[in-house]
Amino acid sequence: MGFARTCSVALVGVEGVVVEVQADLEPGVAAFTLVGLPDKSLVESKDRVRAAVVNSGVAWPQKKLTVGLSPASVPKSGSGFDLAVAVAVLSAAERIDPKEIADLVLVGELGLDGRVRPVRGVLPAVLAAAEAGYQQVVVPEQSAAEAALVPGISVLGVRSLRQLIAVLAGEQVPDEEPVEGGRPDAMLAGLMVPGAGAGTGLAPGREDALPELADVGGQEAARQALEISAAGGHHLLLHGPPGAGKTMLAERLPGLLPPLTRRESLEVTAVHSVAGILPPGEPLVTRAPYCAPHHSATMQSLIGGGNGLPRPGAVSLAHRGVLFMDEAPEFAGKALDALRQPLESGHVVVARSAGVVRLPARFLMVLAANPCPCGRHGSKDSSCDCGSQAVRRYQARVSGPLIDRVDLKVRVEAVTRADLTTRGGRGERTEAVAARVREARGRSAARLEGTPWSNNSEVPGYELRTRWQPVPGALRAAEHDMDRGLLTARGFDRVLRVAWTVADLRGHDRPDEADLAVALQLRTGIERGAIKDRGGLVAGGVR
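Along each chain, numbering runs from 1 in the same order as the chain's sequence is written. In keeping with the predicted nature of the model, local features appear solely for residues at pLDDT of at least 70, side-chain atom pairs appear and are counted solely at 80 or more, and the whole-chain, interface and lining totals rest on all residues. Note that water and hydrogens are dropped before the side-chain values are worked out from all heavy atoms of the structure.

1. Here we look at the overall build of the protein
Secondary structure elements are defined from DSSP: runs of H or I of at least 4 residues count as helices, runs of E of at least 2 residues count as strands, and each element is numbered from the N terminus. The secondary structure content of the protein amounts to 22 helices and 18 strands. Between buried and exposed lies partly exposed: a residue is buried under 20% and exposed over 50% of the maximum accessible area for its type, with that area taken using a 1.4 Å probe on protein chains only. Residue burial in the protein is summarised as follows: out of 543 residues, 51% are buried.

2. Some points on the sheet that holds strand 11 (residues 290-291)
DSSP-based pairing: two strands are paired if at least 2 bridges between them are found. A sheet is described by the order of its strands in space; here five strands give the open sequence 11-14-17-10-18, paired in parallel fashion. Each end of this open sheet is capped by a strand with a single partner; those strands are strand 11 and strand 18 (408-411).

3. Details of the pattern of salt bridges
Salt bridge, as used here: a side-chain nitrogen of Lys or Arg that lies within 4 Å of a carboxyl oxygen of Asp or Glu. Taken as a whole and judged by the stated rule, the model has 29 salt bridges. Here R320 and E264 are joined by a salt bridge, their closest N and O atoms 3.8 Å apart. Taken together, the positions of R320 in the loop between helix 12 (314-317) and strand 14 (322-325) and E264 in helix 10 (residues 262-275) put the pair 56 residues apart, joining distant regions of the chain. In this structure, R320 and E264 share a single accessibility class: buried. For R436, the salt bridge is made with E428, and the minimal N-O distance between the two is 2.7 Å. We classify E428 as partly exposed; its relative accessible area is 26%. Through salt bridges with shared partners, a single ionic network connects E344, D404, R405, D407, R490, R494 and R523.

4. Comments concerning the confidence of the model for the protein
A score from 0 to 100, pLDDT tells how confident the predictor is in each residue. A residue-level look at the protein finds 89% of positions with pLDDT of 70 or above and a mean pLDDT of 87. In what follows, residue pairs with any heavy atoms lying within 4.5 Å of each other are defined as contacts. This stretch, residues 201-205, has a pLDDT under 50; its non-local contacts, to residues over four places away or in other chains, come to nine contacts.

5. Examining helix 2 (residues 45-55)
Listed in full, the buried residues belonging to helix 2 are S45, R48, V49, A52 and V53. With its buried residues spanning 125° around the axis, helix 2 presents them on a single face. G57 sits one or two residues past helix 2 and shows a positive phi near 85°. The arc in question is formed by the directions pointing from the helix axis toward the C-beta atoms.

6. Here's the deal with the packing of helix 18 (residues 430-447) against helix 21 (residues 489-506)
The N-to-C vectors of helix 18 and helix 21 enclose an angle of 115°; their axes lie 8 Å apart at closest approach. As helix 18 runs across helix 21, the sense of the crossing is right-handed. The residues of helix 21 that touch helix 18, namely those facing R436, A440, R443, S444 and R447, are W500, D504 and L505. Of the residues belonging to the contact of helix 18 with helix 21, the class tally is three nonpolar, one polar and four charged. Interaxial angles span 0 to 180 degrees and are taken between N-to-C directions of axes, which are lines fitted to C-alpha atoms, for helices over the stretch in contact. Left-handed describes a crossing whose near helix is turned anticlockwise from the far helix by less than a right angle; the clockwise case is right-handed. When residue character is reported, Ala, Val, Leu, Ile, Met, Phe, Trp, Tyr, Cys and Pro are called nonpolar, Asp, Glu, Lys and Arg charged, and the others, Gly included, polar.

7. Comments concerning the pairing of strand 4 (residues 64-70)
Taken residue by residue, a regular strand's side chains alternate between the two faces of the sheet. One ladder, built from seven bridges, connects strand 2 (residues 15-26) with strand 4; its direction is antiparallel. In the sheet register, E26 faces strand 4, and the bridge partner there is K64.

8. A short note on the packing of helix 20 (residues 476-483) against helix 22 (residues 513-524)
Put simply, helix 20 and helix 22 touch, their axes get as near as 9 Å, and they point 30° apart. Residue-level contacts link R476, A477, A478 and D481 of helix 20 to E513, L520 and T524 of helix 22. When grouped by side-chain class, the residues that make up the contact of helix 20 with helix 22 number three nonpolar, one polar and three charged.

9. Things to note about the packing of aromatic side chains
Stacked, tilted and edge-to-face are the three classes applied to pairs of Phe, Tyr and Trp rings, where Trp contributes its six-membered ring and a pair requires centres within 6.5 Å; stacked means planes under 30 degrees apart, edge-to-face means over 60, and tilted covers the rest. Taken as a whole, this structure holds three aromatic pairs when the rule is applied. When the ring of F32 is compared with that of W60, the centres are 5.7 Å apart and the planes differ by 35°; the resulting orientation is tilted. You can see F32 sitting in strand 3 (residues 31-35) and its partner W60 sitting in the loop between helix 2 and strand 4, a full 28 residues away along the chain. Take F32 and W60: they sit in the same class, and that class is buried. Judged by centre distance (6.4 Å) and plane angle (25°), the ring pair of Y290 and F324 falls under stacked. With Y290 in strand 11 and F324 in strand 14, the pair connects residues that are 34 residues apart, well separated along the chain.

10. What to know about the environment of V158
By the secondary structure assignment, V158 is in strand 9 (residues 154-158). For V158, a relative accessible area of 2% gives the class buried. Between the C-alpha atoms of V158 and G108, which are 50 residues apart in sequence, the distance is 9.5 Å. Every residue in contact with V158, bar those within four places of it in the chain, is listed here: V116, V138, V139, P140, E141, Q163 and L164.

11. Quick look at the environment of G507
For G507, the location among the structural elements is in the loop between helix 21 and helix 22. As for G507 and R443, which are separated by 64 residues in sequence, their C-alpha atoms are 8.3 Å apart.

12. Let's talk about the nonpolar core
In these notes, a set of buried Ala, Val, Leu, Ile, Met, Phe, Trp, Tyr and Cys residues joined through side-chain atoms within 4.5 Å is what counts as a nonpolar core. In this structure, I228, L236, L238, L253 and V366 are the most contacted members of the largest nonpolar core, which totals 51 residues. Ranked by residues supplied to this core, first place goes to helix 21 with eight residues. When sequence neighbours within four positions are dropped, the list of residues in contact with L238 reads A222, K246, L249, V366, L367, A368, A369, V410 and V412. V53, W60, A86 and I165 belong to the second-largest nonpolar core, a separate cluster that totals 40 residues.

13. Some details on the side chain of T501
Position of T501 among the secondary structure elements: in helix 21. The contacts of T501, once residues within four sequence positions are left out, are I228, A231, G232, H234 and N456.

14. Some words on the pairing of strand 10 (residues 236-239)
Direction of pairing for strand 10 relative to strand 17 (residues 364-369): parallel, over a ladder of four bridges. Paired with H239 across the bridge in strand 17 is A369.

15. Some details on unusual backbone geometry
In most cases, non-glycine residues show a negative phi, while peptide bonds are predominantly trans. Geometrically, the link from S70 to P71 is a cis peptide bond, its omega value of 5° lying close to zero. Mapped onto the fold, P71 is located in the loop between strand 4 and helix 3 (82-92). Here the phi dihedral of L37 falls at roughly 65°; this positive angle occurs in a residue that is not glycine. Relative to the helices and strands, L37 is located in the loop between strand 3 and helix 1 (40-43). Note on L37: relative accessible area 47%, which makes it partly exposed.

16. Re the side chain of T6
On the secondary structure map, T6 appears in strand 1 (residues 2-12). For the purposes of these results, a polar contact is taken to be a pair of N or O atoms within 3.5 Å, where, inside protein, one atom must be able to donate a hydrogen and its partner to accept one; residues adjacent in sequence count only when each atom of the pair is a side-chain atom. Among the polar contacts listed, one links the side chain of T6 to the backbone oxygen of L104, at a separation of 3.2 Å.

Now the structure itself:
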């Protein structure tokens, strides 16, 4: 009788659970039994592992074989257990010393010819192994760079089962034929889900590939709101006629956000690795992601779902980045309202029959909407064909509780001919605005040092009212609006957060009355003389 054990990792959402893979050989009729709550793709690993072992030049043990995945209560899915199962079986057959694999964590899929194929979710798997105290992992060669992002852990990247057997047995490592130049690497097939990266904004990872803010003609007020949104992490609503530049503005918001910190990069990379949208050759996401789902998206695709354990949705793909909801009134009402909870908590908890999964979802939301079905309501130069009831029904498609969670509401006016044909319509470049955003974030980070919050949009209202107070008398207008019913309690706190961001952009130690006026105008849409149509904020404005 032979027995051996090693470890692999089961992914539950974007978190990993270390699984012990046990192999037991007993005399009897040759059979292969896999137990431990495996799914269909994992059950099929029996045939993949057997073929890979035989084609690697090793005899398959002709005994009764039982492979157990412990703990048995955790659902296991995917083909990433193949490598651990094969090594455990060979160790039970005394081809490999069981002591060599007892403290190893192996993640990888096996081809029938014995090659080790990359799988999705390597980074969260290695993170789980490191947190559990393991120090050595074996992954496919193509995923070694992604696994090496985890500090304090030794990573071995292998191309085939033959190579791994030689390493563990202390034999000479055979060479594998490299992929010919110019030919696609078949090993990478399936690592990225086809079409899954569309709209996520991951491809243009270079600074020079990001859309340029100066390409937007006119729209000074909207550009200033974009700057405030990026500096404080405030949600933004852009409403106005078609063709005014709402989508262009939203696409340029990620370029204003500062690069992700190391911790944020690991969080984002883990989500994208599980979702299958991490481009090969780019193991670490360093720029804020951008996700723009179509308005036909279902609630499950936005929040997370799928067969079995839920998979990350659009809100998780936009984690630490921008979620752009173009044509917001065209989305299903339930899908939009499902965003209310992650907007407040920064995560979503999805419960399904297969289990409960917690997914990260701290994103900056941008909504874009036309004023009516024809798009001309309120326009000075065009008449609207929609009746008053049609306009009210269209605007009511975005619920009040969701709008109440939006900090900045900006009317995007139609672009004039002068904005497009003269240089006067060109505003500042992305680089200049992003530099001010970084300075403002630096001021807020210094103020919030030692607290659990990183930017103004995360600070609770109670702290802003008691610990970090504005200049005495600056809140009079906001208190008056609250008494008139123009502001809710949540709206009052959000006005305070925006005012602190405006103060950070202006270099003020505390928000004054002018800073509060800007925040109130952006919140309520009521003109207060705080924002000009052109030329920036008055009274020591942002620029």
